[in-house]
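# Structural overview for review
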Amino acid sequence: MKTNPGRFFEDYRLGETIAHAVPRTVSGGERALYHALYPARHALYSSDAFAQSCGLPASPLDDLAAFHTVFGKTVPDISLNAVANLGYAEGRWLLPVYPGDTLRSQSTVIGLKQNSNGQSGVVYVRTQGLNQRDAVVLDYVRWVMVKKNRLDAPAPEAVVPDLAKVVSPDRLVVPQGLDFTRYDFTLAGEPHRWGDYAVGEQIDHVDGVTIEEAEHMLATRLWQNTAKVHFDATNRADGKRLIYGGHVISMARALSFNGLANAQIIVALNGGAHANPCFAGDTVRAWSEVLDKAPTAAPGVGAIRLRLVATKQGAAPFALKGADGKYAPEVLLDLDYWALMPI
Amino acid sequence: MKTNPGRFFEDYRLGETIAHAVPRTVSGGERALYHALYPARHALYSSDAFAQSCGLPASPLDDLAAFHTVFGKTVPDISLNAVANLGYAEGRWLLPVYPGDTLRSQSTVIGLKQNSNGQSGVVYVRTQGLNQRDAVVLDYVRWVMVKKNRLDAPAPEAVVPDLAKVVSPDRLVVPQGLDFTRYDFTLAGEPHRWGDYAVGEQIDHVDGVTIEEAEHMLATRLWQNTAKVHFDATNRADGKRLIYGGHVISMARALSFNGLANAQIIVALNGGAHANPCFAGDTVRAWSEVLDKAPTAAPGVGAIRLRLVATKQGAAPFALKGADGKYAPEVLLDLDYWALMPI
Amino acid sequence: MKTNPGRFFEDYRLGETIAHAVPRTVSGGERALYHALYPARHALYSSDAFAQSCGLPASPLDDLAAFHTVFGKTVPDISLNAVANLGYAEGRWLLPVYPGDTLRSQSTVIGLKQNSNGQSGVVYVRTQGLNQRDAVVLDYVRWVMVKKNRLDAPAPEAVVPDLAKVVSPDRLVVPQGLDFTRYDFTLAGEPHRWGDYAVGEQIDHVDGVTIEEAEHMLATRLWQNTAKVHFDATNRADGKRLIYGGHVISMARALSFNGLANAQIIVALNGGAHANPCFAGDTVRAWSEVLDKAPTAAPGVGAIRLRLVATKQGAAPFALKGADGKYAPEVLLDLDYWALMPI
């Protein structure tokens, strides 16, 4: 067999590190495509001049584009035979990614737990994205449910990692040189500063985008994520293609500009759930809730913890969960992240 | 309210200047996407070597891509609550835009006139696109009909600016260094020079392109134009998304290569009407008429004034207006511009 | 007539060289778009660092993107009135193309043969792609059936060129400096080296991609190929748009990563047939067969000759031809090429 069958649950060993294939050099092309695929308008990621006025050498690649690039490389080794993408934790962006940088990924297995049915198990990995200087640009944990191939393979000792519910504010990494003391709120698009947001505040981001098959496939391929379900209409009985969850994350984040234009930089991913699948034809909207706030040591820079919820057509205002504690069927995404804002 | 409700008619003040948000650095990525979105083949915008043989330092960003970038920034402040985009005038391209340049926009209110129904009014703005050196790259007037929010707000004194019907040839700005004396007609794709076109001549550009939802949304997002109507299929009772008028302009201009391959550089926008809406599934064609010609002071460079008409399926040859003076229903666009050609 | 009616069979003269229009400078934008349009993952074309570790100055533009760019320029002169694209031969990639390079094309008529019905004829051209230093980057022969316009035009003397069935291994050009002795199989994605492939071996590349109208049009425009049939839904009675054959070539080649991840560089095109048309909605899969192997003089580099077959939904495993010697209706492409692999 020359082709890659993907790994099954019994193929993972606790503590092993998997070097993922196909490093990627990013350029202005990836940035332009990101802006064509999502209504992205955060000024720091749109303008070199704006980024320079904030102390950075140039406008970096969007934090989520860096995430998708790192994530995409893990798919052939981690989630080709995954039944479900169960969660994220302890995600931190450690270095901005600039055009010309080359990214690669590696993952360490930090937990394994076979399901009681004996047919699948949960694999926990800590994934790192590294640049051409072997510096870590991104570090996060995700866990997926993976099928077993040999059902008689013995169950490994169950190890479930102890993961932080939230990245502690003192562990957030502010990009070197970042300085928001001369931040231009007019060019950024909104006057609201860190001090204007209250914990518990909810923001409806108003705008909606109807998704097309061509768009989510362009996006998913750009990140070299080749999971069959996103591309092959013959793969499901109903002829639908399941949209990469990261496409919904980027769409919701871009929509959140309207009300959170100054939440410029994503520095941590506390957690996230892809509550329901998204398909072409769905119209995605988003709302946010301020979960926490924290100061940082950088001049003029505050951290804000946000819940970002993506919904589809038919959702009630600020839809989240029903009385049974389950996500409403119109909720697509429930994401928890830290961003940096001018204070 | 953290989100932007947009401005209503009563929110504009004569003489005020609005600095629009989200500056944008362009790269080779924007150029590649422009060529993927439109059948653009004008050699000066395709090849650095060709542009250099014409005296420019490199191949600039397509003039219409520069226009869309500048225009897109104005949408949140000017046309979010617009009922109609009524017209353009006095548009001039003043400097080429090159990869690496950062564009921003500002608009000055130069006219206001409340409609007799008291529910809306016309806002006239002069918009300027500026680069990272604060040099104006583009300057144009447009006017839009905008809803009132507070119907009891007093009508402003009616001021309708006196706008030139046509940009006078002596006001056209030829890019510094442009020299068409060694112009390579073979590489450009057609032998027809400025002297070969006669005022009154009409050209059917032959080719048609059927429009897809994914394409017009990619284009419109690339210019960071986030008007809801272009993206949200739930926004209209018939589930359609209205295509950004600029998408039709670029499509028609690109199609006009076939017959006007040497009308290389757009230097002025005299006027334009989006005669009828365009929707996905429409097949766009174009025809042109030579309206005027003028010499320029630059070596080998002549100016040609062109009417560019975009039509959709079912249009009669050279369709424009009916006996009633109204645009035929298959006419999408009627644009009047000056371009530069080798003499 | 200012527009280009295209050439008809009687317009070609044996031995004439046609300089094709619209040179093109490529950038990181073209590379990013190529990766968004196809599931391309060959590491040498994804990562500057990987390419440098193989002795190249940077990651080149994908070989097929270079091919499409050169090919696209020939369409207005060679195949605008073509009835069928009949074949390719003697294709060789002679120099890598890097971001910043400007490509142009020229074709020499090397054969002409009028069909017995007197209504069309076969035109054979040798096409060369040249860069801004006038160095040939690509050289190939293709032949097309072209309509006659003036049926009474005399038939030219029939000349059918003697074309090699296969590019001889000693004529393959290995990029200068290429060295696979320190090749990183882990980063490349598969462990299989040149020595692991046996002549006659067949590989099913497993994955499928369902094609969308927006995608093939974006791709075809990017290469400035403006053949009407790809864009104009009103051009056929059934309202379909015929997909550019090169789109299927690139899709199949990208899919072949799964099993041929180390067949990094395409150096020769021995032949190819677009067996059946492809339309939006088709799901493309691919399989390969090892046809031959040959050593090269470059360190660590072997050449492998591959048949690449693209199929659509409904195809039998390793579908190719029926008992009648005709391609099965689900076969889209039968391509024969040489690639370079680490030994």
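A brief look at the structure comes next.

What counts, and where the lines are drawn
Residues numbered from 1 in each chain as written. Chains lettered and ligands numbered in written order. Predicted model: local features only at pLDDT ≥ 70, side-chain atom pairs only at ≥ 80, totals over all residues. Heavy atoms only, no water. Helix = DSSP H or I, 4+ residues; strand = E, 2+ residues; numbered from the N terminus. Rg over C-alpha atoms; globule rule 2.2 N^0.38 Å. Contact = heavy atoms within 4.5 Å. Areas by Shrake-Rupley, 256 points an atom, 1.4 Å probe, with all protein chains shown as cover. Lys, Arg positive; Asp, Glu negative; His and termini not counted. Charge placed at Lys NZ, Arg CZ, Asp CG, Glu CD. Least-squares fit on C-alpha atoms with pLDDT ≥ 70 in both. Buried area = accessible area lost by both parts, 1.4 Å probe. Salt bridge = Lys/Arg side-chain N within 4 Å of Asp/Glu carboxyl O. Nonpolar A, V, L, I, M, F, W, Y, C, P; charged D, E, K, R; others polar. Buried < 20%, exposed > 50% of the residue type's maximum accessible area, 1.4 Å probe, protein only. Polar contact = N/O pair within 3.5 Å; in protein donor to acceptor, adjacent residues only side chain to side chain. Core = buried A, V, L, I, M, F, W, Y, C linked by side-chain atoms within 4.5 Å. Axes fitted to C-alpha atoms, helices over the stretch in contact; angles between N-to-C directions. Parallel < 35°, antiparallel > 145°, perpendicular 65-115°, else oblique. Left-handed = near helix turned anticlockwise from the far one by under 90°. Phe/Tyr/Trp six-rings, centres within 6.5 Å; stacked < 30°, edge-to-face > 60°. Pairing = 2+ DSSP bridges.

## Considering the overall build of chain A
Helix and strand counts for chain A come out as 7 helices and 12 strands. On C-alpha atoms alone, chain A measures out to a radius of gyration of 20 Å, which is about the 20 Å that the 2.2 N^0.38 rule sets for 343 residues. With respect to the three principal axes, the spread of C-alpha positions in chain A is 65 × 45 × 35 Å. Once local pairs closer than 6 in sequence are excluded, the contacts in chain A between residues at least 24 apart make up 78%. When the accessible surface of chain A is summed, it comes to about 11,600 Å², and 51% of that surface belongs to carbon and sulfur atoms. One way to put it: in chain A the 33 positive side-chain charges average out to a point 5 Å from where the 35 negative ones average out.

## A few points about the relation of the copies chain A and chain B
Least-squares fitting of chain A to chain B yields an RMSD of 0.0 Å, with the superposition described by an axial translation of 0.0 Å and a rotation of 120 degrees. The symmetry that links the two subunits is that of a three-fold axis. Closest approach to the rotation axis among the C-alpha atoms of chain A is made by Gly29(A), whose C-alpha sits 2.2 Å away. When you check the interface residues of chain A against chain B, a mere 9% turn up at the interface there too, and the two sides of the contact use different surfaces.

## Points about the interface of chain C and chain A
Each partner contributes residues to the interface: chain C has 46 residues there, and chain A has 32 residues. It is Ala36(C), Arg41(C) and Leu187(C) that lose the most area in chain C upon contact with chain A, and together they represent 20% of the buried surface on that side. For the pair chain C and chain A, the number of links is 5 salt bridges. Glu212(C) is the salt-bridge partner of Arg241(A), the closest N and O atoms lying 2.9 Å from each other. If you list the elements that add at least two residues to the side of chain C that touches chain A, you get helix H1 (28–37), helix H2 (48–53), helix H4 (185–188), strand S7 (202–204), strand S8 (209–210), helix H5 (213–222), helix H7 (257–260) and strand S10 (283–295) of chain C. Ranked by residues supplied to the side of chain C that touches chain A, first place goes to H1(C) with 8 residues. Counted by class, the side of chain C that touches chain A contains 20 nonpolar, 15 polar and 11 charged residues.

## A few points about the environment of Gln224(A)
All names here are of chain A. As for its position among the elements, Gln224 is in the loop between helix H5 (213–222) and helix H6 (245–255). Assessed through its relative accessible area of 5%, Gln224 is described here as buried. When the C-alpha atoms of Gln224 and Met1 are compared, they prove to be 22 Å apart, with 223 residues separating the residues in sequence.

## Let's talk about the interface of chain A and chain B
Between chain A and chain B, the residue contacts involve 46 residues of the former and 32 residues of the latter. The interface formed by chain A and chain B includes 5 salt bridges. The partner of Asp207(A) in a salt bridge is Lys228(B), with the nearest N and O atoms 3.4 Å apart. The interface formed by chain A and chain B includes 23 residue pairs in polar contact (both at pLDDT 80 or more). Of all the elements in the fold, those that place two or more residues in the side of chain A that touches chain B are helix H1 (28–37), helix H2 (48–53), helix H4 (185–188), strand S7 (202–204), strand S8 (209–210), H5, helix H7 (257–260) and strand S10 (283–295) of chain A. Residues belonging to the side of chain A that touches chain B are distributed by class as follows: 20 nonpolar, 15 polar and 11 charged.

## So, the pattern of salt bridges
Summed over all chains, the structure comprises 50 salt bridges over all chains. Salt-bridge contacts for Arg285(A) lead to Asp232(B); the nearest nitrogen and oxygen are separated by 2.5 Å. With one member in each of two chains, Arg285(A) in strand S10 and Asp232(B) in the loop between helix H5 (213–222) and helix H6 (245–255) form a pair that bridges those chains. Taking the relative accessible area as the measure of exposure, Arg285(A) reaches 26% and is therefore partly exposed. Taken together, the shared-partner salt bridges in this structure form one network comprising Glu90(A), Arg126(A) and Asp139(A).

## With respect to the nonpolar core
By size, the foremost hydrophobic cluster in this structure holds 183 residues, and its most contacted members are Phe67(A), Phe67(B) and Phe67(C). Every residue in contact with Phe67(B), bar those within four places of it in the chain, is listed here: Tyr88(B), Trp93(B), Leu138(B), Tyr140(B), Tyr244(B) and Leu269(B).

## Looking at the packing of H1(C) against H5(C)
Residues and elements named next belong to chain C. Look at H1 against H5: their axes get within 11 Å of each other, and the N-to-C directions meet at 150 degrees. By the angle between their axes, H1 is roughly antiparallel relative to H5. Seen along the crossing, H1 lies across H5 with a hand that is left-handed. Listed contacts from H5 to Glu30, Leu33 and Leu37 of H1 are Glu215, Leu218, Ala219 and Leu222. Tallied by class, residues from the contact of H1 with H5 come to 5 nonpolar, no polar and 2 charged.

## Some words on the environment of Ala51(C)
All names here are of chain C. Note on placement: Ala51 falls in helix H2. Ala51 sits 132 residues away from Tyr183 along the chain, and the two C-alpha atoms are 9.7 Å apart. Excluding residues within four positions of it along the chain, Ala51 makes contact with Leu44, Leu56, Ala58 and Ser59.

## A word on the packing of aromatic side chains
All names here are of chain A. Overall, the coordinates contain 36 aromatic pairs over all chains when judged by the stated rule. Their ring planes at 35 degrees and their centres at 5.7 Å tell us that Phe67 and Phe71 sit as a pair that is tilted. Of the two residues, Phe67 and Phe71 both sit in helix H3 (residues 63–78), 4 residues apart, roughly one turn of that helix. Aromatic pair Tyr183 and Phe185: ring centres 4.7 Å apart, planes at 65 degrees, arrangement edge-to-face. Like Phe185, Tyr183 is buried. The rings of Phe67, Phe71, Tyr88, Trp93, Tyr140 and Tyr244 are connected pair by pair, giving a single aromatic cluster.

## Comments concerning the pairing of strand S6 (residues 136–147) of chain A
Residues and elements named next belong to chain A. S6 sits mainly inside the fold: 9 of its 12 residues count as buried. Here 8 bridges tie strand S3 (residues 82–93) to S6, and the two strands are oriented antiparallel to one another. For Gly87, the partnering residue across the bridge sits in S6 and is Trp143. In this sheet, S6 lies alongside strand S5 (residues 120–130) in antiparallel orientation, the contact comprising 11 bridges.

## Examining the relation of the copies chain C and chain A
If you rotate chain C by 120 degrees and push it 0.0 Å along the axis, it lands on chain A with an RMSD of 0.0 Å. Comparing contact sets, just 9% of the residues at the interface of chain C also lie at the interface in chain A, consistent with a heterologous contact between different surfaces.

## A few points about the side chain of Asp207(C)
Tracing the backbone through its elements, the reader meets Asp207(C) in the loop between S7 and S8. One polar contact links Asp207(C) to Asn258(C), side chain to side chain, over a distance of 3.2 Å. Discounting residues that sit within four places of it in the chain, Asp207(C) has contacts with Lys228(A), Leu255(C), Asn258(C), Val284(C) and Arg285(C).

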